[in-house]
Amino acid sequence: MKWILGAFLPVAVALAGCAPGAGPADAAAAAPPPTIALRLSSWGQTMLTWTISADGTGSYTEAEGVATNFRNYTLVTRRLDAGTAGYAEIRTLLASTERHAGNGIACTLQITDQAYGRVSWNGVETPFNFGCRSKDADAMIAGIEKANGRLKILAANGDILNTEQIGSPQ
């Protein structure tokens, strides 16, 4: 009996690795939802950044008091707590952006002085430019604008974590 267990146990252990649920597809399905981050710039200056984790926590930074020359303003960073439902809402709004993660998007640049930036999904970036026009670019820009607006509302009452003066005070 001892020799049967000794011969059977290594085979059973080897076969356990082939059990359903152990494959790469299941490992990918079990991967945590991405942390989403955005940086929006205009004329080389940061105007808006935010990050949100799957639990809905993060931060939201927006330029306040921007002069027309983009040289004198304050970046104000607020704590963000949108909850898991808020995170799911933002991810849904950015679904067209997530589909292009790691790639650019085909478009015709029609307006050269528009805001631009990147949305990041666990560090995998999707560049965007509000001056780009195509069916995909229009959908992506609309989602980004809606997500930015929603996060601004969700962060409005958040604690101020940091302020940074850009240029000279006005």
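Our structure's up above, just so we're on the same page.
The paragraphs below set out a description of the structure included in this document. (Residues numbered from 1 in each chain as written. Predicted model: local features only at pLDDT ≥ 70, side-chain atom pairs only at ≥ 80, totals over all residues. Heavy atoms only, no water.)

**Some thoughts on the state of the cysteines**
What is meant by a disulfide is a covalent connection between two cysteines, made through their sulfur atoms.
Now for step 1: Counted by the stated rule, this structure contains 1 disulfide.
Now for step 2: At a sulfur-sulfur separation of 2.2 Å, the disulfide partner of Cys107 is Cys132. Of this pair, Cys107 sits in the loop between α4 (95–98) and β5 (108–109) while Cys132 is found in strand β8 (residues 132–133), placing the two residues 25 residues apart along the sequence.
Now for step 3: Take Cys107: its relative accessible area is 29%, and that puts it in the partly exposed class. (Disulfide = S-S within 2.5 Å. Helix = DSSP H or I, 4+ residues; strand = E, 2+ residues; numbered from the N terminus. Buried < 20%, exposed > 50% of the residue type's maximum accessible area, 1.4 Å probe, protein only.)

**Topic: the packing of helix α3 (residues 83–93) against helix α5 (residues 135–155)**
Now for step 1: Across the interface, α3 lies against α5 with an axial gap of 8 Å and an inter-helix angle of 160°. As judged from the angle between their axes, α3 and α5 are roughly antiparallel. Residue-level contacts link Glu89, Ile90 and Leu93 of α3 to Gly143, Lys146, Ala147, Arg150 and Leu151 of α5.
Now for step 2: Of the residues in the contact of α3 with α5, the class split is 4 nonpolar, 1 polar and 3 charged. (Axes fitted to C-alpha atoms, helices over the stretch in contact; angles between N-to-C directions. Parallel < 35°, antiparallel > 145°, perpendicular 65-115°, else oblique. Contact = heavy atoms within 4.5 Å. Nonpolar A, V, L, I, M, F, W, Y, C, P; charged D, E, K, R; others polar.)

**Let's talk about the sheet that holds strand β1 (residues 36–42)**
Now for step 1: Across the sheet, 7 strands lie side by side as β7-β6-β1-β2-β3-β4-β9; this open sheet has antiparallel pairing. With one partner strand each, in any of the chains shown, β7 (124–129) and β9 (160–166) form the two edges of the open sheet. The sheet shows a mean angle of 15° between the axes of neighbouring strands, direction not considered.
Now for step 2: Looking at chain direction, strand β3 (residues 57–64) and strand β4 (residues 73–81) are connected through 8 bridges and run antiparallel. Note on β4: the bridge partner recorded for Thr57 is Asp81.
Now for step 3: Where α3 meets the sheet, it contacts β1, β2 (45–52), β4 and β6 (116–121), and its direction lies at approximately 125° from that of β2. (Pairing = 2+ DSSP bridges.)

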